[in-house]
Amino acid sequence: MSRVPPRFTRHAQPGDRCRSLDALHSAGVSFTQSVQSPLRQGNLRATKANRGCCFLKNLDNVAVASCGTVRSLPDSPTLATLAESRPTTAHDVHWEYLVPIVTVHLLACLALLPWYFSWSGVVLALIGTNVFGTLGINLCYHRLLSHRSVKVPRWLERVLSTIAICSLEDTPSRWVANHRLHHQHSDEEPDPHSPRHGIAWAHMGWLFQRVPRRRSLAFLEKYARDIISDGYYRSLERHPWMVLVIYLGHAAVFAGAGLLVGRWSGGDWQHGVQLAASWLVWGVFLRTVLVWHITWSVNSLTHLFGYRTYATGEDSRNNWFVALVAMGEGWHNNHHHDPASASVQQ
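Predicted model only: the values in this text are computed from it and were never measured.

**Focus on the overall build of the protein**
(1) Moving on: For the protein, the helix and strand inventory stands at 13 helices and four strands.
(2) Moving on: Here the protein holds 346 residues, and the buried ones make up 50% of them.
(3) Moving on: Once local pairs closer than 6 in sequence are excluded, the contacts in the protein between residues at least 24 apart make up 69%.

Here it is as structure tokens:
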């Protein structure tokens, strides 16, 4: 999926014969090999025929290329209303997000205590914010996976995805699915984190409300089918505890390295323990919090403050402050104008 697809400009009708893509576009039908708006006249399925090809097949409202004649199927409550509105009855707290976020914030506060301070820890926090935030979240989760703006070898994609997981911002497929939903319904009711519901909601509040449909396999099938088709990403969905294992594992690497470097530079294990604690607090917990708030500021600040270069039909703005701290992600109006572009400096 190279960009968030537009809505259908004309609904397919029962009995339509499959035609070429060019013919479909000239007839006013717009689609890509991914998600489209729900077809409100019922689910359509393309059946095989001896002639005609390249129309669309809508299986649970996911459009792909197919061949045959379009026939009408009975309406079914599959995915047609998946992203139609925010839940009105389920207001449960999403503890799986709330507990880790609060815990890591509290651990990051240890950086205020002098015993945990070290200049090497500060350097690790600054470098790590760029490595795990820029390479992991901005480049991999956002540009590479969500919008397919760039292409890299599969092994490198998985390495970058693992780096992103070390920022504890959910699995790749769920991050991508929520982001694509945001682009498809930006600043509309289904948008997961529109500031029209409040800046606190857009910044982080939306993470704490459980929305069962956005935790379902059907949601991933609709918005991140290309992601979960990969075995590595699919295994993360089958075993979500692996995200926490990866995060704790990389934290152990920081602590272990600090222990050995402190023992070597300080001459005793007491110095090693202190440096290990410093690298853990500054290089892992504080850095994670910094990456979180930088990412969240794109959701909140760049839909409230700044200037608009393009009339994009929603509230996206270019914000120089967010662009500075988020390595260019603050040029958000430019991004919404052309989501698949690898550059936002337009």
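**Some details on a nonpolar patch on the surface**
(1) Moving on: A contiguous nonpolar patch, built from V123, I127, V131, L135, L139 and V150 and spanning about 410 Å² of accessible area, is present on the exposed surface.
(2) Moving on: Mapped onto the elements, I127 comes out in helix α3 (residues 119–146).
(3) Moving on: By relative accessible area, which is 48% here, I127 ends up partly exposed.

**Some points on the environment of D187**
(1) Moving on: Within the fold, D187 resides in the loop between α5 (172–184) and α6 (199–203).
(2) Moving on: Distance from D187 to H197, taken between C-alpha atoms, is 9.1 Å for residues ten residues apart in sequence.
(3) Moving on: Sequence-distant contacts of D187, defined by excluding residues within four places in its chain, comprise S194, P195, R196, H303, E314, D315 and S316.
(4) Moving on: Within the local environment of D187, its side chain forms a polar contact with the side chain of H303, the two groups lying 2.8 Å apart.
(5) Moving on: At 2.8 Å, the side chain of D187 forms a polar contact with the backbone nitrogen of D315.

**Some points on the nonpolar core**
(1) Moving on: Ranked by size, the top nonpolar core spans 50 residues in total, and within it V104, Y141, L145, I165, W282, F285 and W292 carry the most contacts.
(2) Moving on: With ten residues, helix α11 (residues 269–300) is the single largest residue contributor to this core.
(3) Moving on: In contact with I165, not counting residues within four places along its chain, are Y141, P172, Y232, L236, V243, I246 and Y247.

**A look at the environment of A108**
(1) Moving on: Mapped onto the elements, A108 comes out in helix α2 (residues 95–108).
(2) Moving on: Remark: the alpha-carbon pair of A108 and R287, spanning 179 residues in sequence, is separated by 8.2 Å.

**Observations regarding the packing of α2 against α11**
(1) Moving on: Across the interface, α2 lies against α11 with an axial gap of 9 Å and an inter-helix angle of 125°. Classed by the angle they form, the pair α2 and α11 counts as oblique. The chirality of how α2 crosses α11 is left-handed. Touching P100, I101, V104, H105, L107 and A108 of α2 are V281, F285, L286, T288, V289, W292, H293 and W296, all from α11.
(2) Moving on: Class assignment of the residues belonging to the contact of α2 with α11 gives a composition of eleven nonpolar, three polar and no charged.

The rules behind each value
Residues numbered from 1 in each chain as written. Predicted model: local features only at pLDDT ≥ 70, side-chain atom pairs only at ≥ 80, totals over all residues. Heavy atoms only, no water. Helix = DSSP H or I, 4+ residues; strand = E, 2+ residues; numbered from the N terminus. Buried < 20%, exposed > 50% of the residue type's maximum accessible area, 1.4 Å probe, protein only. Contact = heavy atoms within 4.5 Å. Patch = residues over 30% accessible without salt bridge, like charges linked within 9 Å, V, L, I, M, F, W, Y side chains within 5 Å. Areas by Shrake-Rupley, 256 points an atom, 1.4 Å probe, with all protein chains shown as cover. Salt bridge = Lys/Arg side-chain N within 4 Å of Asp/Glu carboxyl O. Polar contact = N/O pair within 3.5 Å; in protein donor to acceptor, adjacent residues only side chain to side chain. Core = buried A, V, L, I, M, F, W, Y, C linked by side-chain atoms within 4.5 Å. Axes fitted to C-alpha atoms, helices over the stretch in contact; angles between N-to-C directions. Parallel < 35°, antiparallel > 145°, perpendicular 65-115°, else oblique. Left-handed = near helix turned anticlockwise from the far one by under 90°. Nonpolar A, V, L, I, M, F, W, Y, C, P; charged D, E, K, R; others polar.

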